[in-house]
There are 2 protein chains.
Amino acid sequence: MEIYQLRYFLAVAETGNFTKAAQRSFISQPSLSQQILNLEEELGQKLFDRLGRKVVLTEAGNTLLDGAHRIITEVDQTLGELKSDPLLGPRVSVGAIPTVAPFFLPGVLAHCRARVGS
Amino acid sequence: MEIYQLRYFLAVAETGNFTKAAQRSFISQPSLSQQILNLEEELGQKLFDRLGRKVVLTEAGNTLLDGAHRIITEVDQTLGELKSDPLLGPRVSVGAIPTVAPFFLPGVLAHCRARVGS
DNA sequence: TAATATTACGTATTACGTAAAGATT
DNA sequence: AATCTTTACGTAATACGTAATATTA
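Quick look at the structure, then. Within every chain, residues take consecutive numbers counted from 1 along the sequence as written. Each chain takes a letter, starting from A, and each ligand takes a number, starting from 1, following the order in which they are written. Note on the predicted model: pLDDT of at least 70 is required for a residue's local features to be given, and 80 or more for side-chain atom pairs to be given and counted; whole-chain, interface and lining totals, by contrast, use all residues. No hydrogens and no water enter the side-chain calculation; it runs on all heavy atoms of the structure.

As a further point, take the overall build of chain A. Put simply, DSSP H or I for four residues or longer makes a helix, DSSP E for two residues or longer makes a strand, and each gets a number counted from the N terminus. Check the secondary structure of chain A and you find 5 helices and 2 strands. Order of helices (α) and strands (β) in chain A, N terminus to C terminus: α-α-α-β-β-α-α. Counting across all 118 residues of chain A, residues that qualify as buried make up 36%. Put simply, of all contacts in chain A between residues at least 6 apart along the chain, 47% involve residues at least 24 apart. All accessible-area figures derive from a Shrake-Rupley calculation using a 1.4 Å probe, and residue coverage is judged against the displayed protein chains alone. Total accessible area computed for chain A in this model is approximately 7400 Å², and 57% of it derives from carbon and sulfur atoms. Relative accessibility thresholds used throughout: buried, under 20% of the residue-type maximum; exposed, over 50%; partly exposed, between the two (1.4 Å probe, protein chains only). When checking whether two residues touch, look at their non-hydrogen atoms; a contact exists if any pair is within 4.5 Å.

Here is the structure:
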């Protein structure tokens, strides 16, 4: 079970339709179908009942739906905190005596930022 | 970012050592190293400071550590609920008039279970 | 020099797309 | 017949292992 599979699963659960779910996921419909089948096989549980053109969650599917929501929420939140966050990363502490600090530091720091490119 | 990568990351964070983390993860040490690098590249953040033989979490690493713990906990809980749980799956409701139920149902149901193999 | 991490590169797994077939309305 | 899903199969991406190369205590 991987994160990308859970995203596919959620797309199907929310659209109730493999074709639309595939479009939303930017992959072909058979590939998405395959991943859902892989998930079902790994879990040993059918996740959807294929009723003609309707796709409905099974009991196991509903259980996974709950978990997937919680997992993906945590994942996206964590990604949001981390992804290329410029506030994270190495810090530099600079000390200076009070007399010169207000005069020199602003210009010097701006120069540093410009050279580093941040 | 995928679940298997988060497990590798946790292994390194907990052991503070790529070699031991690889052993615990049952993969070779270079492969694990590569996955950590992939993660760092995707996130645009260094996750560990390699200080000679010590490996220490960066600030971004600590942020991911929190998230990874929550994510993996949810994942494992969800997997535990689902994986080949025989209680899940299709249910069959059987009705019978009170008079015959206690006499016939036990044997018939046992027979069904035996034929289905459950 | 011993212990550890990274780089280089080939192999094997596997996710994906296209085409064809099956199933349902 | 039209719409949707699954099956079949080839391709491309990539996770992994082995070997060689840094790097540090």
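For the rest of this paragraph, the subject is the side chain of Thr58(A). All names here are of chain A. Assignment of secondary structure puts Thr-58 in the loop between strand S2 (54–57) and helix H4 (59–82). A relative accessible area of 11% places Thr-58 in the buried class. When near neighbours in sequence (up to four residues on either side) are disregarded, Thr-58 contacts Lys-46, Leu-47, Phe-48 and Asp-49.

A separate point is the packing of aromatic side chains. All names here are of chain A. By convention, a stacked pair of Phe, Tyr or Trp rings (six-membered ring in the case of Trp) has centres within 6.5 Å and planes under 30 degrees apart, an edge-to-face pair has planes over 60 apart, and any other such pair is tilted. Tallying each qualifying case throughout the model produces 6 aromatic pairs over all chains. Ring centres of Tyr-4 and Tyr-8 lie 5.8 Å apart, and the angle between their planes is 80°; on these two criteria the pair is classed as edge-to-face. With Tyr-4 and Tyr-8 both in helix H1 (residues 3–15) and 4 residues apart, this pair spans about one turn of that helix. Owing to a relative accessible area of 32%, Tyr-4 belongs among the partly exposed residues under this scheme. For the ring pair Phe-9 and Phe-48, a centre distance of 5.4 Å and an interplane angle of 40° mean the geometry is tilted.

Turning to the packing of helix H2 (residues 18–25) of chain A against helix H3 (residues 29–43) of chain A, a few remarks are in order. Residue and element names in this part refer to chain A. All axes are obtained by fitting lines to C-alpha atoms, using only the stretch in contact for helices, and the reported angles, taken between N-to-C directions, cover 0 to 180 degrees. Contact pair H2 / H3: the axes reach a minimum separation of 8 Å and the direction vectors enclose 105°. The angle between H2 and H3 falls in the class roughly perpendicular. Listed contacts from H3 to Phe-18, Thr-19, Ala-21, Ala-22 and Ser-25 of H2 are Gln-29, Leu-32, Ser-33 and Ile-36. Class assignment of the residues belonging to the contact of H2 with H3 gives a composition of 5 nonpolar, 4 polar and no charged. The scheme is simple: roughly parallel for angles under 35 degrees, roughly antiparallel for over 145, roughly perpendicular for 65 to 115, oblique for anything else. Amino acid classes used here: Ala, Val, Leu, Ile, Met, Phe, Trp, Tyr, Cys and Pro are nonpolar; Asp, Glu, Lys and Arg are charged; the rest, including Gly, are polar.

Right, let's talk about the relation of the copies chain A and chain B for a bit. Between the two chain copies there is a screw-like relation: a rotation about an axis and a shift along it. Least squares is the method for superposing the copies, and the C-alpha atoms it fits come from residues with pLDDT of at least 70 in both. The two copies are related by a screw motion: chain A maps onto chain B through a turn of 179° and a shift of 0.0 Å along the axis, at an RMSD of 0.3 Å. As the rotation angle and translation indicate, the two copies are arranged about a two-fold axis. The residues that chain A uses at the interface reappear at the interface of chain B in 100% of cases, marking a shared surface.

Our next topic: the protein's contact with DNA strand D. Surrounding DNA strand D, one finds 20 residues, the nearest of these being Thr19(A), Ser33(A), Arg50(A), Tyr8(B) and Ser28(B). Counting only the atoms of DNA strand D within 4 Å of the protein, the fraction contributed by sugar and phosphate is 65%. The term polar contact refers here to a pair of N or O atoms within 3.5 Å; inside protein, the definition further demands a hydrogen-donor-capable atom paired with an acceptor-capable atom, and it admits residues adjacent in sequence only when both atoms are side-chain atoms. Within the side chain of Ser33(A), a nitrogen or oxygen atom sits 2.5 Å from a phosphate oxygen of DNA strand D. Contributions of two or more residues to the surface near DNA strand D are made by H2 and H3 of chain A together with helix H1 (3–15) and helix H3 (29–43) of chain B. In terms of residue class, the surface near DNA strand D is built from 8 nonpolar, 9 polar and 3 charged. We call a residue near a molecule or strand when any one of its heavy atoms sits within 4 Å of it.

A separate point is the interface of chain A and chain B. Facing 28 residues of chain A, the contacting portion of chain B comprises 28 residues. Computed with a 1.4 Å rolling probe, the buried area is the accessible surface lost when two parts are put together, summed over both parts. Of the roughly 2700 Å² buried at the junction of chain A and chain B (both faces included), carbon and sulfur atoms supply 59%. Contact with chain B buries area across many residues of chain A, yet Gln45(A), Glu59(A) and Leu82(A) alone supply 20% of it, more than any other trio. Any Lys or Arg side-chain nitrogen found within 4 Å of a carboxyl oxygen on Asp or Glu counts as a salt bridge. The interface formed by chain A and chain B includes 2 salt bridges. Arg70(A) is paired through a salt bridge with Glu74(B); the nearest N and O atoms lie 2.8 Å apart. Taken together, the links from chain A to chain B amount to 8 residue pairs in polar contact (both at pLDDT 80 or more). Taken together, the elements giving at least two residues each to the side of chain A that touches chain B come down to H1, H3 and H4 of chain A.

Taken by themselves, the reported measurements are silent on function.
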